[in-house]
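A closer look at the structure
Spelled out from the first residue to the last, the chains are:
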Amino acid sequence: MKRERSAELYEKAKRFLPGGVNSPVRAFKSVGGDPFFVKEGRGSKIYDVDGNEYIDYVCSWGPLILGHAHPEVLSFVKEVAEKGTSFGIPCELEVSMAEAVVEAVPSIEKVRFVNSGTEATMSAIRLARGYTKRNKVVKFEGCYHGHVDYLLVKAGSGVLTFGIPGTPGVPEDFARHTLLARFNDLSSVESLFEKYGEDIACVILEPVMGNAGVIPPKEGFLQGLREITERYGALLIFDEVITGFRVSYGGAQKLYQVEPDLTCLGKIIGGGFPVGAYGGRAEIMDHVAPDGPVYQAGTLSGNPVAMAAGLKTLEILRRDNPYEELERKRKRLADEAKRLFEAKGIPVWINGVASMSCIFFTEGPVETYDDAVKSDTKLYSKFFWALLENGVYFAPSQFEAAFVSVAHTDKDIDRTLYAIEAALKKI
Ligand SMILES: *Cc1c(COP(=O)(O)O)cnc(C)c1O
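Computed from a prediction, not measured in an experiment: that's the story for all the values here.

Check the secondary structure of the protein and you find 14 helices and 16 strands. Taken against the 2.2 N^0.38 rule, which gives 22 Å for 427 residues, the C-alpha radius of gyration of the protein at 21 Å falls within 12% of a compact globule. Expressed along its principal axes, the backbone C-alpha trace of the protein runs to roughly 55 × 55 × 45 Å. For the protein, the residues scored as buried account for 56% of the 427 residues in total. Across the protein, contacts joining residues at least 24 apart in sequence account for 72% of those joining residues at least 6 apart. Carbon and sulfur atoms make up 52% of the accessible area of the protein, which totals about 18,600 Å². Treating the 50 positive side-chain charges of the protein as one cloud and the 57 negative ones as another, the clouds have centres 5 Å apart.

Take the packing of aromatic side chains next. Aromatic ring pairs are defined here through the distance separating the ring centres and the angle between the ring planes. Counted under the stated rule, the structure contains 20 aromatic pairs. An angle of 85 degrees between the planes, with centres 6.2 Å apart, marks the rings of Phe140 and Phe183 as edge-to-face. Remark: Phe183 occurs in the loop between strand 8 (178-181) and helix 6 (186-196) and Phe140 occurs in strand 5 (residues 136-140); sequence separation between them is 43 residues. The buried category is assigned to Phe140, whose relative accessible area is 0%. An angle of 80 degrees between the planes, with centres 5.0 Å apart, marks the rings of Phe245 and Tyr249 as edge-to-face. Among the residues examined, Phe245 registers a relative accessible area of 1% and is labelled buried. Residue Tyr249 is classed as buried on the basis of its relative accessible area, which comes to 16%. Three or more aromatic residues link up through ring pairs in this structure, and these residues are Phe28, Phe36, Tyr54, Phe384, Trp385 and Tyr393. Across from the ring centre of Tyr150, 4.7 Å away, lies the NZ or CZ of Arg129, which sits over that ring.

As far as domains go, the protein holds domain 1 (4-65 + 322-426) and domain 2 (71-319). Counting residues at the interface gives 28 residues for domain 1 and 29 residues for domain 2. Note on domain 1 versus domain 2: buried area summed over both sides is about 2,200 Å², and carbon and sulfur give 67% of it. Considering only the side of domain 1, the residues that lose the most area to domain 2 are Tyr323, Met356 and Tyr369, jointly responsible for 28% of the buried surface there. The interface formed by domain 1 and domain 2 includes one salt bridge.

The contact between helix 3 (residues 92-104) and helix 10 (residues 304-320) brings their axes to 9 Å, and the two run at 35 degrees. You can see that helix 3 and helix 10 cross each other, and the crossing is left-handed. Mapping the contact onto sequence places Leu93, Glu94, Ser96, Met97, Ala100, Val101 and Glu103 in helix 3 and Pro304, Met307, Ala308, Gly310, Leu311, Leu314 and Arg318 in helix 10. Within the contact of helix 3 with helix 10, the residues separate by chemical class into nine nonpolar, two polar and three charged.

Turning our eyes to something else, we now look at unusual backbone geometry. The omega torsion across Ala289 and Pro290 is 10 degrees, close enough to zero to call that bond cis. Here Pro290 is to be found in the loop between helix 9 (282-285) and helix 10. Each neighbour pair has its own omega, and for Gly364 with Pro365 the value is 0 degrees, a cis peptide bond. Its location among the elements puts Pro365 in the loop between strand 14 (356-360) and helix 12 (369-372). The phi torsion at Ser60 lies on the positive side, around 60 degrees, for a residue other than glycine. Take Ser60: it is sitting in the loop between strand 3 (53-56) and helix 2 (71-81). Residue Ser60 is classed as partly exposed on the basis of its relative accessible area of 39%.

What follows is about the site of the ligand. The local shell around the ligand consists of Ser116, Gly117, Thr118, Tyr144, His145, Gly146, Glu206, Asn211, Asp239, Val241, Ile242 and Lys267. Between the ligand and Asp239 there is a distance of 2.7 Å, counted from a nitrogen atom to a side-chain nitrogen or oxygen. Considering the ligand on its own, with 380 Å² of exposed area, one finds that the protein chains cover 82% of that surface. Tallied by class, the residues present in the shell around the ligand amount to three nonpolar, six polar and three charged.

Before going further, it helps to examine the sheet that holds strand 16 (residues 402-403). The antiparallel open sheet is built from three strands, whose spatial order is 13-14-16. Strands with a single pairing partner mark the edges of an open sheet, and in this sheet they are strand 13 (349-353) and strand 16. Pairing of strand 13 with strand 14 involves five bridges; the strand directions are antiparallel. Within strand 14, the residue paired with Gly352 across the bridge is Ser357. Of the strands in this sheet, strand 13 and strand 14 touch helix 11 (residues 323-344), which is tilted by about 180 degrees from strand 13.

Attention shifts here to the environment of Gly271. Among the structural elements, Gly271 can be located in the loop between strand 11 (262-265) and strand 12 (276-280). The residues contacting Gly271, other than those within four sequence positions of it, are Val73, Ala309, Gly310 and Thr313.

Thresholds applied
- Residues numbered from 1 in each chain as written.
- Predicted model: local features only at pLDDT ≥ 70, side-chain atom pairs only at ≥ 80, totals over all residues.
- Heavy atoms only, no water.
- Helix = DSSP H or I, 4+ residues; strand = E, 2+ residues; numbered from the N terminus.
- Rg over C-alpha atoms; globule rule 2.2 N^0.38 Å.
- Buried < 20%, exposed > 50% of the residue type's maximum accessible area, 1.4 Å probe, protein only.
- Contact = heavy atoms within 4.5 Å.
- Areas by Shrake-Rupley, 256 points an atom, 1.4 Å probe, with all protein chains shown as cover.
- Lys, Arg positive; Asp, Glu negative; His and termini not counted.
- Charge placed at Lys NZ, Arg CZ, Asp CG, Glu CD.
- Phe/Tyr/Trp six-rings, centres within 6.5 Å; stacked < 30°, edge-to-face > 60°.
- Lys NZ or Arg CZ within 6 Å of the ring centre and 35° of its normal.
- Domains from an automatic or database assignment.
- Buried area = accessible area lost by both parts, 1.4 Å probe.
- Salt bridge = Lys/Arg side-chain N within 4 Å of Asp/Glu carboxyl O.
- Axes fitted to C-alpha atoms, helices over the stretch in contact; angles between N-to-C directions.
- Left-handed = near helix turned anticlockwise from the far one by under 90°.
- Nonpolar A, V, L, I, M, F, W, Y, C, P; charged D, E, K, R; others polar.
- Near = heavy atom within 4 Å.
- Polar contact = N/O pair within 3.5 Å; in protein donor to acceptor, adjacent residues only side chain to side chain.
- Pairing = 2+ DSSP bridges.

Structure (structure tokens):
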């Protein structure tokens with residue numbers, strides 16, 4: 001496959017953009033080699049600037065549950081955009097969108113729209129701190145909540161301790177109130193609460209981990225977190241930026257029947273435009289300005305074009321209820337891929353929930369972040385490039401989810417399996 005035009009653009013991009021990109025994963029660093037530049041997308045496919053076609057399992061990292069350039073979403077966006085793209089004045093679409101979110105997500109009574117998932121988690125934590133008048137935040141190793149300063153904290157050796165910033169530019173003081181626990185390990189949470197319970201404002205997590213590959217919660221884990229946080233008067237925050245409207249129309253809280261105090265949303269609710277949101281019980285949300293003292297604002301928040309894309313996306317999901325069919329396609333791909341790997345004698349472990357999944361290059365099982373990082377990332381990289389050569393785009397990192405969209409057909413899956421078989425001959 002030729003990618004000459006992409007190579008030229010990348011050289012130019014590196015002159016003007018740090019790393020040639022506007023978000024680090026796009027540079028393909030973790031699989032080695034250079035990125036391709038996309039020209040357009042339609043349904044389940046994307047086309048690069050050299051004219052190559054790929055079946056896309058990244059789907060803009062999650063938002064595109066309906067696939068690329070969905071005609072109904074596009075035509076509504078066009079209709080709305082033609083009347084003006086931003087006002088900073090209340091508009092009806094914000095109200096309709098809020099109503100749709102409140103109706104769908106069990107624990108949300110009121111919601112505030114922002115412009116990204118990062119803003120959503122940052123604001124939800126500010127609110128949790130303002131509401132509880134406490135400082136500390138419990139987060140889990142391997143969970144990603146956007147690039148919020150005090151949430152960019154790594155576990156290091158896995159010792160549970162005060163956070164150490166995972167990046168230069170974050171003063172140690174900022175991470176001082178971040179406590180690390182282990183996903184699917186309630187005792188790690190319990191012991192943090194025993195020690196710091198009086199000052200813990202909230203526990204934040206992805207109810208299904210989607211940024212360390214895909215790791216589902218073990219039976220009782222989310223319930224256990226609900227119980228511990230209630231016992232200590234801390235808030236439970238589900239970061240459903242990926243899982244919201246993805247693992248079910250009501251998100252992970254509906255699927256697992258556990259209601260958090262606050263929920264963060266993003267990705268799908270923007271229908272391909274920059275949107276985030278946080279919401280919860282009215283009694284908590286009423287602490288947000290202008291009703292309450294916790295300040296949070298945004299020039300472009302709730303802008304009509306993004307609201308239109310999100311609203312139409314939710315409308316289609318509610319109307320067509322594609323969730324069973326999405327899960328069937330994801331399972332079919334996973335089961336048949338598994339057989340291909342077995343036949344080749346390459347040990348992999350495949351996790352999946354609804355339409356999100358991950359092939360870990362390790363024997364498994366993968367139930368924790370520690371299990372995930374045992375994966376053979378070098379082998380994954382070879383697999384990634386071999387697949388790309390065969391017209392299938394998986395994420396350029398072992399630790400990302402693969403998404404099946406409404407637009408993926410069984411024929412796409414057949415072609416993907418054929419590409420996997422061909423790739424396995426090469427690695
Ligand atoms: C993508 C993501 C975010 C950050 O959202 P941005 O829109 O990239 O700021 C936060 N939390 C989770 C779980 C995510 O997957």
